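Structure at a glance
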Amino acid sequence: MFEPVLSATQTDNEPTAEKLTPEQIAENTAAMVGYHYTVDDYYEIGREEVRKHALAVQDSHPVHWSESAAAANGHSALVAAPTFVSVLGIIAQRKLFEEVVTGYNLWQIMQTDQRLLYHQPMRVGDQLICDVSLDSFRHVTSPETIDLMVTKNVIWNQRDEPVMTTWTSLVARAGLEVDPALEESLDHVMMKVPNIGKPDKTVQREGGRYDLPDPTESPDAYGAINFDTLEVGQELPPKQFLLTRGNLANYAGVAADPNPIHFSDEVVKVAGLDGVVAHGMQTMGLGASFVSEFIGDPGAFCEYNVRFTSPVYVPADDSTAVDFTGKIKSLDPETRRGTIAITAKSGGKRIFGRANVVVQFN
């Protein structure tokens, strides 16, 4: 799904960006490949945050809700759902799009792919430190002028242990003029606050990790099912999730991403969309919930990657069904890992062009 990357919050003192040509924007962005920074403030995972996110992605797995169930599966605290990283992604990348990758109107930056590489589960009490970089950039002029970029986050906990590495692929169309009607609609619906508070600098380390090789650690199996009970081609029990405007509003609040395309009929009409759409990471979260139910423990996710292809439209007066099926694509008896391929459809259309989960089984 092409989803605009947008911070739907206005302050009274937002600067006006200098108008650059698409070629100048591309040249500036290409020069920033390899640029990296560490977010100044750590992100601490709270107990109720884990539960709120699990609710938002309709994940009832006990390790997100019950300390005793988490302990029985070998976890020291409640485990965050596999796509919980979306909650801190906007915070981590804010500087990148405000100060580094500049010149783009955020309405023309679209998320196309998401890859999550897990080193260990995220748990309540983790203080997450995020290293952000612009990993790659390519300027394409045919058949249309677009900019392709990949951002990378390496996330660590307070014990300097790697937790997750993420890659987000984006497509940007620089130089497009925003319809005045869209600007007016945005002004009417975007959240407005007089000022945004500035947190302290709680992360004091000055670099040092950027020259290190990428982390290679992988999660344990924890409470995942036994590898020997599985076979290639085995199908997962199908599952259907329903999404309403209430689900979208709840997810927007949990993820702190109140992009108006997820709730405003006026904005989506002016923006040229067919209707209000679900967050891409919300649908990816539903996919993770679907797989978690089958494998027995979401802490055993090793990798999850999705290519978004079609939006999920949610009407004002009805629910929208998202149907998931899956099958075991491959099994490695040496590592006791397996790859599960997911198919997700809404309204008869595939919403993921590719979706795979690598799992560490017992």
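My aim in this report is to walk through the structure given alongside it, one point at a time.

Parameters and conventions
- Residues numbered from 1 in each chain as written.
- Predicted model: local features only at pLDDT ≥ 70, side-chain atom pairs only at ≥ 80, totals over all residues.
- Heavy atoms only, no water.
- Core = buried A, V, L, I, M, F, W, Y, C linked by side-chain atoms within 4.5 Å.
- Buried < 20%, exposed > 50% of the residue type's maximum accessible area, 1.4 Å probe, protein only.
- Helix = DSSP H or I, 4+ residues; strand = E, 2+ residues; numbered from the N terminus.
- Contact = heavy atoms within 4.5 Å.
- Pairing = 2+ DSSP bridges.

1. A short note on the nonpolar core
Ranked by internal contacts, the top residues of the largest apolar core, which has 87 residues, are Tyr104, Met122, Ile155, Tyr304, Phe324 and Phe352. Per-element tally for this core: the top contributor is helix α8 (residues 280–295), with eight residues. The residues touching Phe352, leaving out its near neighbours within four places in the chain, are Thr283, Met284, Tyr304, Val306, Arg307, Phe308, Thr309, Phe324 and Ala344.

2. Things to note about the environment of Leu248
Relative to the helices and strands, Leu248 is located in helix α6 (residues 245–255). When the C-alpha positions of Leu248 and His53 are compared, they lie 12 Å apart, and in sequence the two are 195 residues distant. Discounting residues that sit within four places of it in the chain, Leu248 has contacts with Leu243, His262, Val276, Val277, Ala278, His279, Gln282 and Val314.

3. Considering the side chain of Ser133
Here Ser133 lies in strand β6 (residues 127–140). The exposure class of Ser133 is buried, given its relative accessible area of 14%. Each residue touching Ser133, except ones within four places of it in the same chain, is listed here: Tyr35, His36, Val150, Thr151 and Lys152.

4. Comments concerning the pairing of strand β13 (residues 337–346)
A regular strand places its side chains so that they alternate between the two faces of the sheet. As defined by bridge partners, strand β12 (residues 320–332) adjoins β13 across nine bridges and the pair is classed as antiparallel. Across the sheet, residue Asp323 finds its bridge partner in β13, namely Lys345. In textbook terms, the turn of a hairpin is the stretch between consecutive antiparallel strands, and for β12 and β13 this stretch comprises four residues, one of which, Arg336, has a positive phi near 60°. Alignment of β13 against strand β14 (residues 349–350), held across two bridges, turns out to be antiparallel. Note on β14: the bridge partner recorded for Lys345 is Arg350. Following β13, the chain reverses through two residues before pairing antiparallel with β14; Gly347 in that reversal takes a positive phi of roughly 60°.

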